[in-house]
Each structure stands twice: as structure tokens, then as C-alpha cells.
Amino acid sequence: MKKHKKRIIIILIVCLALAALLLVFFLKKRSGNSASSDTGLIDDYGSDDTIEDKTLYAGVIEPEQSYNINLDSDRTVESIDVKVGDTVTAGQKLFTYQSKDYSLQVQQDQLEIQGYSETIKSCQDQITDLTKQKAAASADMKLQYDSQIQDLTSQMKQAKLDQQTKQAEIDSLNKKISSSTVTSPIDGIVSKVATGSASSDGSFITILSDTTFRIKATVDELNVGSLKEGMAAKITTRVNDKEYTGKITKIDTKSTADNGNSGTDSSDSENSNTPASKYYFYVSIDNPDGLIVGQHVFVEPETDDSADITEGTAEGSISTSEGTADSGNTADGNTEVEQ
């Protein structure tokens, strides 16, 4: 009987041990799958290569040149003929100012100028008559004629001055009328149309050139020190892994990137929950043939470290639109991104 009880106890212990091992295995597998599904995979990057000891930054193709059109603070916009995303050509109408009031004012000023012209002619005629009368008058009367002629001369000068002032006003109004229709100075894409009034930078409409491109990418505060202006860079498209070359032309550390546009905030891994600040940097492209505005790419700066890729390692970092992350190769050869 005692042997039977011992055997049962041993069997129970073995079963419990097996159950514990299965539970640990299940939890471990579930944790691994969860991490993979949360971070996502970058499949078949390159042709046969995986990402090893490389730092990649996510970027987007944008026009290199832009043109801001400001509003005249003294004028009111009557109509807007474009919207964000529209493609425009040089000379195409963008918006129109109100000009009806100016036209009415011009008509009023022209009537006043006509009145000044009549005043000037009347003064000239009177001066001519008084000059003739003065010649035939006695010495005592000549002083009176001189006084009248002097008054008429002053009136005529004032009328001429008023006439010139009104003409200048008419010229200014006509200039505003002729510039009531504002056109695009370049071929490009409308990237901004301020609502109601000018934006904080004073511009009303922004046109981006569609002839020259650059890359706008983000880098966090942990890696920004490794980038330098003039540094060569390799650019790889996300869709077909086509490669381009270029160089870093600007690193904007005076203002942080808009986290709403640049993805989820990255953090200093396990030590802190405080998001790392991000900054924009810009890359020129040697030959942008085949690229389009809005296309997403990876930028790999050619630092000294990027040339020393150690075989067999699977720990690098990828700075994507979701932030900077550690990468490791999975068993199937793909690169798993772990936040």
C-alpha cells in the first residue's frame, strides 16, 4: 500500500513538472509572438542582405525649392482658385483680391482731376485778362490788378498740386486693380493655403517646385550628433529597394520635428519613459530619376562606423518613422524590429 502511494506521489510530481515546463514554453512563445506583431518585420531588405550594424533613417521625398506668397494687409481676398495638392504652372491664377471699390474710387478721382483742370484753365484765362487790363490801367489801379493776379496764380498752383496728388492716387489704385489676380511664379505643387488670413510665418500660399527634389528625414537626439552636413548618404526606396546616392545638406536642430507627422515617439529603451526629441535633416539626391514627391525612403549616412560591419552580429539600429529601434535577424532571415 505504501509503495502504491509513493508511486502515485512520484507520478503527480512528474506531471506537475511537465505542466510547469509546458506553461513556461507557452508563455515564452506568446511573448515572442507579441513582440513581433507589435513591432513588425522588414522583409527581404536589400536582395540577400539583412541589416547589420547599420543606422537607417526614414525620410520622404519633397520638393527642394518653395515659394511663399504673402497677402497685402490692406486688401481683402475675393476668391481662391487653388487648394492644397493642386499642380500649378507659372502664370496660373491662384487667388483674386476685391477690386470693385478701387474701380469706383478711380472714377471719383478722375472727376476731381477734371474739376482741377477746369479750375486751372479758368485761372489762366482770368490772369490773361487781368494782365491786359493792368497794362491799360493807371498806376494806382495796377496794384489791385497785381493782387488779383497773385491770388489767381496761388489758386492755380494749388489746383495743379491737388491734380498731381489725385493722379498719383489713381496710379496706385490702377496698380492694385491690375494686380488683383495673383498668379503662380513657378511650376509646382500647392502645399499650403492659409484659411482666412496669412499663417504665422506671414505666407498665404506656398508653392513647392516639382522640378528638384530632396529628402526630409528625422533623427532623434540620441543619434543627431553622429550626422554632419556634407556627409555622403545612400538612399534606398521602400518599395523596390532601388538605391540612390546623395549627401546631407542641412541638419535643423533649432526646432524639433512635429511628432504628429514623424511617427511615434522613440524613448531611451528600458531606462526612461521620456520620449526622445526628434529633428529634421535634409539630403540632396544626385540623380532623382524615378522618384516622386511623397515617396518614402530609407537614408543610410556613410559614417566611419557604417563601413565596419561585423559578420554574425544582428544588433544594429533602425531609425524609422516609428522612432529609433534595435534590430535583430530572425530565424527566417528577416529583420525583426524591436522597439
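Residues numbered from 1 in each chain as written. Predicted model: local features only at pLDDT ≥ 70, side-chain atom pairs only at ≥ 80, totals over all residues. Heavy atoms only, no water.

Trainee: Quick question: what am I supposed to make of helix H3 (residues 139-178) here?
Mentor: Because an α-helix packs 3.6 residues into every turn, residues spaced three or four apart end up facing the same way. Over its 40 residues, H3 extends 58 Å from the first C-alpha to the last, a length consistent with the 58 Å expected when each residue adds 1.5 Å. Buried within H3 we find Tyr145, Ile149, Leu152, Met156, Ala159, Lys166, Ile170 and Leu173. Among the structural elements, helix H2 (100-136) are those in contact with the buried residues of H3. (Helix = DSSP H or I, 4+ residues; strand = E, 2+ residues; numbered from the N terminus. Expected span 1.5 Å × (residues − 1). Buried < 20%, exposed > 50% of the residue type's maximum accessible area, 1.4 Å probe, protein only. Contact = heavy atoms within 4.5 Å.)

Trainee: Which parts of the structure should I look at to understand the nonpolar core?
Mentor: Within soluble globular proteins, side chains that are nonpolar tend to cluster in buried spots. Core analysis: the largest hydrophobic core is formed by 21 residues, its most contacted members being Ile215, Leu227, Phe281 and Val283. Listing elements by their share of this core, those giving two or more residues are strand E2 (55-63), strand E10 (213-220), strand E11 (232-237), strand E12 (243-252), strand E13 (278-285) and strand E14 (296-301). Beyond its immediate chain neighbours, meaning those up to four positions away, phenylalanine 281 contacts Tyr57, Ile215, Lys216, Ala217, Thr218, Val219, Leu227, Ile248, Lys250, Ile251 and Val299. Counting residues in hydrophobic clusters, the runner-up holds twelve residues, among them Val88, Leu94, Phe95 and Tyr97. (Core = buried A, V, L, I, M, F, W, Y, C linked by side-chain atoms within 4.5 Å.)

Trainee: Looking at this structure, I do not really get the pairing of E11. What am I missing?
Mentor: Across a regular strand the side chains alternate sides, sitting on one face of the sheet and then on the other. Pairing of E11 with E12 involves five bridges; the strand directions are antiparallel. Note on E12: the bridge partner recorded for threonine 236 is glutamate 243. From the end of E11 to the start of E12, which pair antiparallel, there are five residues, and aspartate 241 there has a positive phi angle of about 60°. Relative to E14, E11 runs antiparallel, the two being bridged by five bridges. For threonine 236, the partnering residue across the bridge sits in E14 and is phenylalanine 298. (Pairing = 2+ DSSP bridges.)

Trainee: I keep staring at the packing of aromatic side chains and nothing clicks. Help me out?
Mentor: Applying the stated criterion to the full structure yields three aromatic pairs. Ring pairing ties together the aromatic residues Phe95, Tyr97 and Phe204, which thus form one cluster. Just above the ring of phenylalanine 298 sits the side chain of arginine 238; from NZ or CZ to the centre is 4.9 Å. (Phe/Tyr/Trp six-rings, centres within 6.5 Å; stacked < 30°, edge-to-face > 60°. Lys NZ or Arg CZ within 6 Å of the ring centre and 35° of its normal.)

Trainee: Explain unusual backbone geometry here, please?
Mentor: Phi is mostly negative for residues that are not glycine, and the peptide bonds are mostly trans. You will see that aspartate 241, though not glycine, has its phi angle at about 60°, which is positive. Counting through the fold element by element, aspartate 241 comes out in the loop between E11 and E12. Residue classification places aspartate 241 among the partly exposed residues on the basis of a relative accessible area of 24%.

Trainee: Would you mind going over the sheet that holds strand E7 (residues 181-183) with me for this structure?
Mentor: For sheets, the rule is that strands pair by backbone hydrogen bonds, running either parallel or antiparallel. One open sheet accounts for three strands, arranged E4-E6-E7; its pairing is antiparallel. At either margin of the open sheet sits one strand with a lone partner, and together these are strand E4 (77-80) and E7. Going from strand to strand, the sheet's axes swing by 25° on average, the running direction of each strand aside. In terms of strand pairing, E4 meets strand E6 (residues 93-97) through three bridges, oriented antiparallel. From the neighbouring strand, serine 79 faces E6, where its bridge partner is threonine 96. (Axes fitted to C-alpha atoms, helices over the stretch in contact; angles between N-to-C directions.)

Trainee: Honestly, the sheet that holds strand E3 (residues 66-70) in this entry has me stumped. Any pointers?
Mentor: The antiparallel open sheet is built from four strands, whose spatial order is E3-E9-E8-E5. Among the strands making up the open sheet, the edge pair consists of E3 and strand E5 (87-88). As paired elements, E5 and strand E8 (residues 188-193) share two bridges and run antiparallel to each other. Along E8, the bridge assignment pairs threonine 87 with isoleucine 189.

Trainee: Explanation requested: H2 in the structure shown.
Mentor: In this model, H2 (37 residues) spans 56 Å end to end at C-alpha, consistent with the 54 Å of a helix rising 1.5 Å per residue. Within H2, burial applies to Tyr102, Val106, Asp109, Ile113, Ile120, Cys123, Ile127 and Leu130. Taken together, the buried residues of H2 touch H3.

Trainee: What's the story with the confidence of the model for the chain in this structure? I'm lost.
Mentor: Looking at the chain, the pLDDT average stands at 77 and 74% of residues meet or exceed 70. Per-residue pLDDT stays below 50 along residues 307-339; that stretch engages in 92 contacts with residues further than four places along the chain or on separate chains. (pLDDT = per-residue confidence, 0-100.)

Trainee: It is not clear to me how a nonpolar patch on the surface should be interpreted in this structure. Could you clarify?
Mentor: Residues Ile10, Val14, Leu18 and Leu21 make up a contiguous nonpolar surface patch of about 400 Å² in total accessible area. Tracing the chain through its elements places leucine 21 in helix H1 (residues 2-39). (Patch = residues over 30% accessible without salt bridge, like charges linked within 9 Å, V, L, I, M, F, W, Y side chains within 5 Å. Areas by Shrake-Rupley, 256 points an atom, 1.4 Å probe, with all protein chains shown as cover. Salt bridge = Lys/Arg side-chain N within 4 Å of Asp/Glu carboxyl O.)

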